[in-house]
Structure formats: structure tokens, C-alpha cells
Amino acid sequence: MSSEPARRPRRLWALWAALLALFSPLLLIPASAPAATATATATDTTATAQADPAPGMFNPRQTWLRNSTAGLFLHWGMYTQPEHYDCDSWQKAVNDSGWNPDYWVKETQKIHGSYIVLATFHSRLGYARPWPSKIPGSCSTKRDILGELIKAAKAKGIKVILYMTDDPQWHDVMGPESFDSAAYSAYKGKDVDLTTRPGFGEFSYDNFFRGDAQLPGPEGLLDRQRQRVLGAAPPVRADP
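None of the values given here were measured: they were computed from a predicted structure.

Undergrad: Go over the environment of Tyr184, please, and point to the residues and values.
TA: Relative to the helices and strands, Tyr184 is located in helix 6 (residues 181–188). By relative accessible area, which is 0% here, Tyr184 ends up buried. Taking the C-alpha atoms as reference, Tyr184 lies 5.3 Å from Pro136; in sequence the two are 48 residues apart.

Undergrad: Mind laying out the state of the cysteines, listing which residues take part and the relevant values?
TA: Throughout the structure, instances matching the rule amount to one disulfide. Between the sulfur of Cys87 and that of Cys139 lies a disulfide, 1.9 Å long from S to S. In this structure, the disulfide formed by Cys87 and Cys139 twists by about 65° around the S-S bond and is classed as right-handed. Of the two residues, Cys87 is situated in helix 3 (residues 87–96) and Cys139 in the loop between strand 2 (115–121) and helix 5 (145–155); the sequence distance between them amounts to 52 residues. Residue class for Cys87 comes out buried when judged on its relative accessible area of 18%.

Undergrad: Got a sec to walk through the pattern of salt bridges? Specific residues and values, please.
TA: A complete count under the given rule lists nine salt bridges for this structure. Between Arg197 and Asp166 there is a salt bridge whose closest N-O contact spans 3.3 Å. Taken together, the residues span a long stretch of sequence, with Arg197 in helix 7 (residues 197–209) and Asp166 in the loop between strand 3 (159–164) and helix 6 at a distance of 31 residues. In this structure Arg197 comes out as partly exposed when scored by relative accessible area, which is 42%. Its relative accessible area of 15% is what places Asp166 among the buried residues.

Undergrad: Can you break down helix 7 residue by residue, with the values?
TA: In this model, helix 7 (13 residues) spans 17 Å end to end at C-alpha, consistent with the 18 Å of a helix rising 1.5 Å per residue. By the burial criterion, the buried members of helix 7 are Gly199, Phe200, Phe203, Ser204, Asp206, Asn207 and Phe208. You can read the cap of helix 7 off the contacts: a side-chain oxygen lies 3.3 Å from the backbone nitrogen of Gly199, and it is on Thr196.

Undergrad: Which residues make up the pairing of strand 1 (residues 71–75), and what are the values?
TA: What you see with strand 1 is a clean split: Leu72 and Leu74 sit on the buried side and Gly71, Phe73 and His75 on the side with no burial. Across five bridges, strand 1 lies against strand 2 in parallel orientation. The residue of strand 2 that forms the bridge with Leu74 is Leu118.

Undergrad: Describe a negative patch on the surface, naming the residues involved and giving the relevant values.
TA: A surface patch of like charges, here negative, comprises Asp172, Glu177, Asp180 and Asp193. Among the structural elements, Asp172 can be located in the loop between strand 3 and helix 6. Judged by relative accessible area, which is 38%, Asp172 ranks as partly exposed.

Undergrad: Can you lay out the nonpolar core for me, pointing to particular residues and giving the numbers?
TA: Within the largest apolar cluster, 36 residues are counted, with the highest numbers of intra-cluster contacts made by Trp76, Trp90, Ile116, Leu146 and Phe203. When residues of this core are traced back to their parent elements, those giving at least two are strand 1, helix 3, strand 2, helix 5, strand 3 and helix 7. Residue contributions to this core peak at six residues, all from helix 5. Among all residues touching Ile116, those that are not within four sequence positions of it are Leu72, Leu74, Trp104, Val105, Thr108, Leu149, Ile158, Lys159, Val160 and Ile161. Membership of the second largest hydrophobic core comes to seven residues, among which are Trp64, Leu65, Ala119 and Ile161.

Undergrad: Account for the packing of helix 4 (residues 101–110) against helix 5, naming residues and giving values.
TA: Axis separation between helix 4 and helix 5 bottoms out at 9 Å; the angle between their running directions is 45°. In terms of orientation, helix 4 lies oblique with respect to helix 5. Crossing of helix 4 against helix 5: the hand is right-handed. Across the interface between the two elements, Pro101, Asp102 and Val105 from helix 4 touch Glu148, Leu149, Ala152 and Ala153 from helix 5.

Undergrad: Before we move on, could you go through helix 5 and cite the residues and values that matter?
TA: Considered for burial, the residues of helix 5 that qualify are Ile145, Leu146, Gly147, Leu149, Ile150, Ala152 and Ala153. Buried positions along helix 5 lie against helix 3, helix 4, strand 2 and strand 3. Where helix 5 terminates, the next one or two residues include Gly157, which has phi positive at roughly 75°.

The rules behind each value
Residues numbered from 1 in each chain as written. Predicted model: local features only at pLDDT ≥ 70, side-chain atom pairs only at ≥ 80, totals over all residues. Heavy atoms only, no water. Helix = DSSP H or I, 4+ residues; strand = E, 2+ residues; numbered from the N terminus. Buried < 20%, exposed > 50% of the residue type's maximum accessible area, 1.4 Å probe, protein only. Disulfide = S-S within 2.5 Å. Salt bridge = Lys/Arg side-chain N within 4 Å of Asp/Glu carboxyl O. Expected span 1.5 Å × (residues − 1). Polar contact = N/O pair within 3.5 Å; in protein donor to acceptor, adjacent residues only side chain to side chain. Pairing = 2+ DSSP bridges. Patch = residues over 30% accessible without salt bridge, like charges linked within 9 Å, V, L, I, M, F, W, Y side chains within 5 Å. Areas by Shrake-Rupley, 256 points an atom, 1.4 Å probe, with all protein chains shown as cover. Lys, Arg positive; Asp, Glu negative; His and termini not counted. Charge placed at Lys NZ, Arg CZ, Asp CG, Glu CD. Core = buried A, V, L, I, M, F, W, Y, C linked by side-chain atoms within 4.5 Å. Contact = heavy atoms within 4.5 Å. Axes fitted to C-alpha atoms, helices over the stretch in contact; angles between N-to-C directions. Parallel < 35°, antiparallel > 145°, perpendicular 65-115°, else oblique. Left-handed = near helix turned anticlockwise from the far one by under 90°.

Laid out in C-alpha cells, this is it:
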């Protein structure tokens, strides 16, 4: 009896093995190529992210703040105890208490600080502006408390940051209304409601970037949405 029929399956298996050996590299290349491309793309993206984590994150004008080790935060306003419900009485209390910017500069030096943050235009403590302003809308002192602090601080190489909130929700938390929307509307020549975020945002913008920017120069603006002083958001607008 011939063994030829029995040999045919073996020959067929050998033929299939030879064909697989011949064509398997070609079959594997397309499958591996996208993976390699994806890996390369991921690597390039990671390298780019490491090189520039966020646009403007390392703006040169923020270098001094990033190099700072300490600072003094003065969170103080009309409703700091004892409470004051009008601008004149608050300013009188400041004067009668013997406000002296040199004192706070010295306190900053004691902790080896390089900046002072002044926060009076902020939430539950009221929206007082400790500087003379031609822009109506909220308390503005006749005495230039901010200007005095900037002058004293600069003399010792210390910077001043003005903290201004963008949140008007506390405008009547203590009872009396903090804002004069009618006066600000007359100044702008249109209706502006300072108790709303858009209206209050316009008011804050005018105070810092327009009329009151002509003061002896606050070193920067730190608002409620940019409290990450050393984070990705650029919080400081430094004077040239």
C-alpha cells in the first residue's frame, strides 16, 4: 500500500509553515508602526509640556515673586473690628490709630519678606479703596494710604501688591450698601449695576488699569481668581 496519501498532509503543513515564515514580517510591520508612531508622538508631547507647562507661566516680570521666600499679607478693611459704616469714619480711625507704613515695612523685614499684599477691597471686609480716586462707586479715602505704603516699601527694596477682588456678593453683608451704582453709572455715561459681576468687574478694571493707575504705581494686581501666586496663572501686573 502506497504511503503517498499520508505524506500529503505533512507536505501541506510544511508549505503553510514556510509561507507564514516568509510573510509574517510583512504582516507585523503595519500593526507595530502605529504603536511606534503613537509612542513617539506621546514622547514629543510630554517633552513640549515639560518645556512650556503653560503659556506665560514663566513671564520674566514674575521672576522676583517666584524668587520670594516670604511676604506680609495685610487683610484689612472697613468692617475689620471695630466696624465702620462710612468712608470718613474709617479714614478717621486709620488716622487716629497712627497708621504708619514704615512700621509694616519693618515688620516685613523682620520675616525677611520681599513684598507686602494690601487687601482692603475684598469681600466681607468691605470694598474700601485706601487711596484718593476720581472714580465714584465705593469708599475712597482722601489720604493716600496705598501711596504712602508703596513709597516706604520701595525705599527698602520691598514691593507692594494690591489685592482687588472680582466678587461683589458681599456688597450689603453688613447692612449698609457698599456700592454707589448711580454715581458710577453717571461717571460712565451708562447704567452699570455694581452688585453684579460684570458691572463690578468693569468698576475694578477702571480702578486699576485706567484712572487710578496714574497713582505712584501699585506693583501689581492680585485678584480673587489668581490667588495661586506661584502657580500657573500669572497674577502680577508689575509696573515697568
